[in-house]
Amino acid sequence: MSPAPARRMIAVMVLIPVVVALALWAFAWPAARTAPRDLPVGVAGPATAAAAVEDGLTRQAGAFDVHRFDDEAAARDAVEDRVVYGAVVVGAQGTHLLTAPAASPVVAQLLKEAVTARAPADAPVRVTEVVSLPAGDPRGSALAASVLPIALAGVAAGALVTLSGLGGARAAVTLLGAAALVGLTAAALAHSWLGVLDGDWWAEAGAMGLTVLAVGSGVAGLAALLGAPGVGLGALLMVLIGNPFAGATSAPELLPEPAGTVGQWLPPGAGSSLLRSVAYFDGRASGGAVLTLTLWAALGLTAVLVSARLRARDGAARPETEHPTPAPAA
């Protein structure tokens, strides 16, 4: 056997376990280390009673980021604005827990268990869902499941634009058009047919379309800068890292660091957060996600356009360099 095929065989045998190890790390590590880390929660009520609740929540160092509010109305507003995931209101009538399953069903259940465990046995905790999930998706699993298909759609758009040889303005228009059509299609399926989203239809379509554009532009931009390996790097970044680090099935604050933070810097995580905001919270707390997705889309499209411009300039200059005009005979 010649050396070249033997090296390729060894490379493939080594590469597959490396990819499997990376995938298991990316998906299994966050799931195995799920726990609250600076999880924003609110506390409202008389100073003495509120301080006791806050002390109980902060006893587990680094688990909760407690926000104090003057009364239940202020705490409820904070939950609706996605400032906190929930709030504990203490008063003469006992303990009242405000939750938002639409922000994270896992966190809502975690808060219920944590607050109930600390409450006196003869004083049951009253629980109110301030922002509930729609009847079509009572566990929130459909929105979490949408992260991977949307990421795959973006990767496919970026890869197909690259492999089909499109560049410059044609590539940018193709990416924009594909993202818009995916957003409309996904909203029609998730909102109109399945009923798992109940926000503004056009805002949901825009959120999913912007996510696809950010992913596709990122992949195409990396390919424009690095060539064919850029497609693989983009797919690795968006699917193998971005999907499990998005925190869509739980919450970014439940993932081990830096997974939760990194996930929100990548389009799948930012897109998941944006879709949750427009679907259940009337677009509140969506500014950071919109900025992240816009930056990915803008940088990717810029790389595609600039790379095409440079290739065109090099192509125009090369004939003059390679085939100089002969000097006229004397």
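By convention here, each chain's residues receive numbers from 1 onward along its written sequence. The predicted origin of the model limits local features to residues at a pLDDT of at least 70 and limits the giving and counting of side-chain atom pairs to 80 or more, whereas totals for whole chains, interfaces and linings rest on all residues. Side-chain measures here rest on the full set of heavy atoms in the structure, leaving out hydrogens and waters.

Q: Describe the packing of helix α1 (residues 3–32) against helix α9 (residues 228–241), listing the residues and the values that go with them.
A: Orientation is described by lines fitted to C-alpha atoms, with helices fitted over the stretch in contact, and by angles between N-to-C directions that extend from 0 to 180 degrees. Numbering of helices and strands runs from the N terminus, with a helix taken as a DSSP run of H or I at least four residues long and a strand as a DSSP run of E at least two residues long. Taken N-terminus to C-terminus, the directions of α1 and α9 make an angle of 40°; their axes are 10 Å apart at the nearest point. Classified by the interaxial angle, the pair formed by α1 and α9 is oblique. In contact with L22, A23, W25, A26 and F27 of α1, α9 contributes L236, V239, L240 and I241. The residue makeup of the contact of α1 with α9, split by class, is 9 nonpolar, no polar and no charged. Comment on the angle field: the value is read as roughly parallel under 35 degrees, roughly antiparallel over 145, roughly perpendicular from 65 to 115, and oblique elsewhere. The criterion used for residue contact is that any of the two residues' heavy atoms lie within 4.5 Å. All residues other than Ala, Val, Leu, Ile, Met, Phe, Trp, Tyr, Cys, Pro, Asp, Glu, Lys and Arg, Gly among them, are scored as polar; the first ten of these are nonpolar and the last four charged.

Q: Account for the packing of aromatic side chains, with residues named and values stated.
A: Two rings belonging to Phe, Tyr or Trp (six-membered ring only in the last case) form a pair when the distance between their centres is within 6.5 Å. Interplanar angles under 30 degrees mark stacking, angles over 60 mark edge-to-face geometry, and anything in between is tilted. Here the structure, examined in full by the defined rule, presents 4 aromatic pairs. Measuring from ring centre to ring centre gives 6.2 Å for W29 and F245, while their planes differ by 65°; the resulting arrangement is edge-to-face. Remark: F245 occurs in the loop between α9 and α10 (259–265) and W29 occurs in helix α1; sequence separation between them is 216 residues. Each residue is placed in one exposure class: buried if its accessible area under a 1.4 Å probe, protein chains only, is under 20% of its type's maximum, exposed if it is over 50%, and partly exposed if it falls in between. Exposure remark for W29: the relative accessible area of 23% places this residue in the partly exposed category.

Q: Requested: an account of the nonpolar core, with residues and values cited.
A: Of all hydrophobic cores here, the largest spans 67 residues; its most connected members are F64, L197 and Y280. What F64 contacts, discounting residues up to four positions off in sequence, is P36, D38, L39, V41, L57, L110 and L111. Counting 8 residues, the second-largest nonpolar core is a separate cluster that includes V155, A159, V215 and V231. Only buried residues count toward a nonpolar core, which is a set of Ala, Val, Leu, Ile, Met, Phe, Trp, Tyr and Cys residues joined through side-chain atoms within 4.5 Å.

Q: Could you give me a rundown of the pairing of strand β1 (residues 39–44), with the residues and numbers involved?
A: Taking burial as the measure, the 6 residues of β1 include 6 buried ones, the bulk of the element. Residues L39, V41 and V43 of β1 are buried on one face, and the alternating residues P40, G42 and A44, pointing to the opposite face, are buried as well. Two strands qualify as a pair provided DSSP detects at least 2 bridges between them. Sheet topology note: the β1/strand β2 (residues 64–69) ladder contains 6 bridges and is parallel. Among the inter-strand pairings, L39 is bridged to a residue of β2, identified as F64. Classification remark: right-handed applies to a crossover when, strands pointing away from the viewer, the course from the first strand over the helix to the second runs clockwise. Tracing the backbone out of β1, into helix α2 (residues 47–58) and back to the parallel element β2 gives a crossover that is right-handed. Pairing analysis gives 3 bridges linking β1 to strand β3 (residues 86–91), with the strands arranged parallel. By the bridge assignment for β3, A44 is matched with V89.

Q: I'd like to hear about the pattern of salt bridges, residue by residue, with values.
A: Salt bridges are counted wherever a side-chain nitrogen of Lys or Arg sits within 4 Å of a carboxyl oxygen of Asp or Glu. Summed over the entire model, instances satisfying the criterion amount to 5 salt bridges. Where R59 meets D55, a salt bridge forms, and the shortest distance between an N and an O atom there is 2.9 Å. For R59, a relative accessible area of 63% puts it in the exposed group. On the accessibility criterion, D55 (42% relative accessible area) is partly exposed. Among the charged side chains, a network of salt bridges with common partners joins D81, D282 and R284.

Q: Describe in detail the side chain of H96, supporting the description with residues and values.
A: Its location among the elements puts H96 in strand β4 (residues 94–99). Exposure remark for H96: the relative accessible area of 4% places this residue in the buried category. Among the polar contacts made by the side chain of H96, one reaches the side chain of E72 at a distance of 3.5 Å. If we ignore the near neighbours within four places in the chain, the residues touching H96 are E72, R76, A87, V88, V89, R126, V127 and T128. Contacts described as polar in this section are N or O atom pairs within 3.5 Å, which, within protein, must combine one atom able to donate a hydrogen with one able to accept it, while residues neighboring in sequence count only if both atoms come from side chains.

Q: Would you mind going over the pairing of β3 in detail, with residue names and values included?
A: Counting buried positions along β3 gives 5 out of 6 residues, so the element sits mostly inside the fold. Two elements, β3 and β4, share 6 bridges in a ladder whose sense is antiparallel. Counted as the bridge partner of A87 is L98 from β4. Between the end of β3 and the start of β4, which pair antiparallel, lie 2 residues.

Q: Requested: an account of unusual backbone geometry, with residues and values cited.
A: Comment: phi is negative for the bulk of residues other than glycine, and the bulk of peptide bonds are trans. The omega torsion across E257 and P258 is 10°, close enough to zero to call that bond cis. For P258, the position within the fold is in the loop between α9 and α10. In this structure, D38 takes a positive phi of about 55° despite not being glycine. Topologically, D38 is positioned in the loop between α1 and β1.

Q: Mind laying out the packing of helix α6 (residues 147–163) against helix α8 (residues 201–226), listing which residues take part and the relevant values?
A: Interaxial distance between α6 and α8 falls to 7 Å at its minimum, and their mutual angle equals 40°. Between α6 and α8, the crossing angle belongs to the class labelled oblique. Seen along the crossing, α6 lies across α8 with a hand that is right-handed. Contact residues: α6 offers I150, A151, A153, G154, V155, G158, A159 and T162, while α8 offers M208, T211, V212, V215, G216, V219, A220 and A223. Classifying every residue of the contact of α6 with α8 gives 11 nonpolar, 5 polar and no charged. Left-handed is the label given to a crossing in which the near helix is rotated counterclockwise from the far helix by less than a right angle, and right-handed is the label when the rotation is clockwise.

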